[in-house]
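Letter by letter, the chains look like this.
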Amino acid sequence: MSKQYTPAKVWTMDSENGGEWASINRPDSGARYDRALPVGKHPIQLHSLATPNGQKVTIMLEELLAKGVSGAEYDAYLINIGDSDQFSSGFVEINPNSKIPALIDNSGNSAINVFESGSILLYLADKFGHFIPTEIAARTETMNWLFWLQGSAPYLGGGFGHFYAYAPEKFEYPIDRFTMEAKRQLDVLDKQLANNEYIAGKDYTIADMAIWPWYGNLVLGKLYNAAEFLDVESYTHVQRWAKLVGERAAVKRGKIVNCTWGEEWQQLAERHSAADIDEVLKKQP
């Protein structure tokens, strides 16, 4: 049995807590160094990384462009969280919470900073009038599931993903605790999708774009190498939906933006035009 941990009366950070990403964690906020962000030619400037939260926004932007919304053209710059890019003065100016993604919209009289992935999705949906219903009941259902994701995903990522894949040691209690919650969430989605083509009903919305990079990638075996452990094949309705959304051209395009790992055809550190994505996808075997 491991040694019992007794918390101190007042916690202090004496050293890094170990595990992947430990070097970027500190109990304070704000900029750690001065560096301005690059500026591209389009009004929408995205600073991000192709984690599930980052993929939400690039998928949304590519979906808007696929609909012919020219105002959704964007520059996407890489924020390498392993190198602490998110703690630069330029990034903290956009997002004081130092988390990706963060977006600047320069299309109006003054710049609008938007942070938190769910907020960005809602902002773009309202700005361009796509992927969110206007009728009150349908809009509310979409918002229900968008907020469900924003509240649930931290248990999947910071809970299950951290202790199962990234923690310096495997501990039974937190893995069991967060596995139970991850499977409960998958069951919630599976029951919702048993009677609905998409998450919030018959239409594809920002709820799907928010949830797919987390739970779609998970059941398709592309997150935490945990597909067998979580028995993802048993969630048949989530599987059906994950494959349906994953086949969308804009999803295929959006998920490679700001990606710096995987196969060569999956990596595009920066995006400034549609041609950038086209060139990378040509390498797909």
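Note that the coordinates shown come from a computational prediction; the quantities given were computed from them, not determined experimentally.

Got a minute to help me understand the sheet that holds strand S4 (residues 112-115) in this structure?
Strand pairing within a sheet occurs via backbone hydrogen bonds; the two strands may be parallel or antiparallel. Taken in spatial order, the four strands make up an open sheet running S2-S1-S3-S4, and their pairing is mixed. In this open sheet, the two edge strands, each paired with only one partner strand, are strand S2 (74-78) and S4. Direction aside, neighbouring strands of the sheet carry axes that sit 20 degrees apart on average. Note that strand S3 (residues 102-105) and S4 share four bridges and pair antiparallel. Across the sheet, residue Asp-105 finds its bridge partner in S4, namely Ile-112. Set on the sheet, helix H3 (residues 117-128) makes contact with strand S1 (44-48), S3 and S4; between it and S4 the angle comes to about 130 degrees.

I tried to follow the side chain of Gln-86 on my own but got confused; where do I start?
Its place among the elements puts Gln-86 in the loop between S2 and helix H2 (89-94). If we ignore the near neighbours within four places in the chain, the residues touching Gln-86 are Ile-24, Ile-79, Asn-80, Ile-81, Phe-91, Val-92 and Ser-98.

Where do I start with H3 in this structure?
One turn of the α-helix equals 3.6 residues, which is why residues spaced by three or four share an orientation. The terminal C-alpha atoms of H3, which comprises 12 residues, lie 17 Å apart, in line with the 16 Å expected from a rise of 1.5 Å per residue. Burial in H3 covers these residues: Ser-117, Gly-118, Ile-120, Leu-121, Leu-122, Leu-124, Ala-125 and Phe-128. Backbone geometry just after H3 places Gly-129 at a positive phi near 75 degrees.

Would you mind going over the pattern of salt bridges with me for this structure?
Close approach of charged atoms lets side chains of opposite charge pair. Throughout the structure, instances matching the rule amount to 15 salt bridges. Among the salt bridges present, the one from Glu-62 reaches Arg-253, with a minimum N-O distance of 3.3 Å. A residue pair is termed long-range when its members are at least 10 positions apart, and Glu-62 in helix H1 (residues 52-66) and Arg-253 in helix H9 (residues 249-254) qualify at 191 residues. Glu-62 sits in the buried class, given a relative accessible area of 4%.

Is there a simple way to think about the nonpolar core in this case?
One recurring pattern in soluble globular proteins is that nonpolar side chains are buried together. Among the nonpolar cores identified, the biggest contains 67 residues, and Met-60, Leu-124, Phe-160, Ile-206, Ile-211, Tyr-215 and Trp-241 are the most heavily contacted of them. In terms of residues, this core owes the most to one element, helix H6 (residues 206-219), which gives 10 residues. Apart from the residues within four sequence positions on either side, Ile-211 is in contact with Trp-145, Trp-148, Leu-149, Leu-189, Ile-199, Gly-216 and Trp-241. Listed in part, the nine residues of the second largest apolar core include Leu-37, Ile-79, Ile-94 and Ile-104.

Looking at this structure, how should I read unusual backbone geometry?
Most peptide bonds adopt trans geometry, and most residues besides glycine take a negative phi value. The linkage connecting Ile-100 with the following residue, Pro-101, adopts the cis geometry, with an omega of 0 degrees. Along the chain, Pro-101 turns up in the loop between H2 and S3.

Just to check I follow, could you spell out the pairing of S2 for this structure?
Walk down a regular strand and you will see the side chains alternate between the two sheet faces. With four of five residues buried, S2 lies mostly within the body of the structure. Direction of pairing for S1 relative to S2: parallel, over a ladder of five bridges. Counted as the bridge partner of Ile-44 is Tyr-74 from S2. In the classification by handedness, the crossover that spans S1, the intervening H1 and the parallel S2 is right-handed.

Quick question: what am I supposed to make of the packing of aromatic side chains here?
Describing an aromatic ring pair means giving the distance of the ring centres and the angle of the ring planes. Scanning all chains against the criterion turns up 11 aromatic pairs. When the centroid spacing of 6.2 Å and the interplanar angle of 70 degrees are considered together, the rings of Phe-160 and Tyr-224 count as edge-to-face. With Phe-160 in helix H4 (residues 136-166) and Tyr-224 in the loop between H6 and helix H7 (227-230), the pair connects residues that are 64 residues apart, well separated along the chain. Note on Phe-160: relative accessible area 1%, which makes it buried. Note on Phe-163 and Phe-178: the rings are 5.9 Å apart at their centroids and 5 degrees apart in plane angle, and the pair reads as stacked. One end of the pair, Phe-163, is in helix H4; the other, Phe-178, is in helix H5 (residues 172-193), and 15 residues separate them in sequence. Judged by its relative accessible area of 24%, Phe-163 is partly exposed. For Phe-178, a relative accessible area of 17% gives the class buried. Three or more aromatic residues joined by ring pairs form one cluster here, namely Phe-160, Tyr-164, Tyr-166, Tyr-224 and Phe-229.

Each value, and the rule that gives it
Residues numbered from 1 in each chain as written. Predicted model: local features only at pLDDT ≥ 70, side-chain atom pairs only at ≥ 80, totals over all residues. Heavy atoms only, no water. Pairing = 2+ DSSP bridges. Helix = DSSP H or I, 4+ residues; strand = E, 2+ residues; numbered from the N terminus. Axes fitted to C-alpha atoms, helices over the stretch in contact; angles between N-to-C directions. Contact = heavy atoms within 4.5 Å. Expected span 1.5 Å × (residues − 1). Buried < 20%, exposed > 50% of the residue type's maximum accessible area, 1.4 Å probe, protein only. Salt bridge = Lys/Arg side-chain N within 4 Å of Asp/Glu carboxyl O. Core = buried A, V, L, I, M, F, W, Y, C linked by side-chain atoms within 4.5 Å. Right-handed = clockwise from strand over helix to strand, strands pointing away. Phe/Tyr/Trp six-rings, centres within 6.5 Å; stacked < 30°, edge-to-face > 60°.

In short, shape yes, function no, at least from these values alone.
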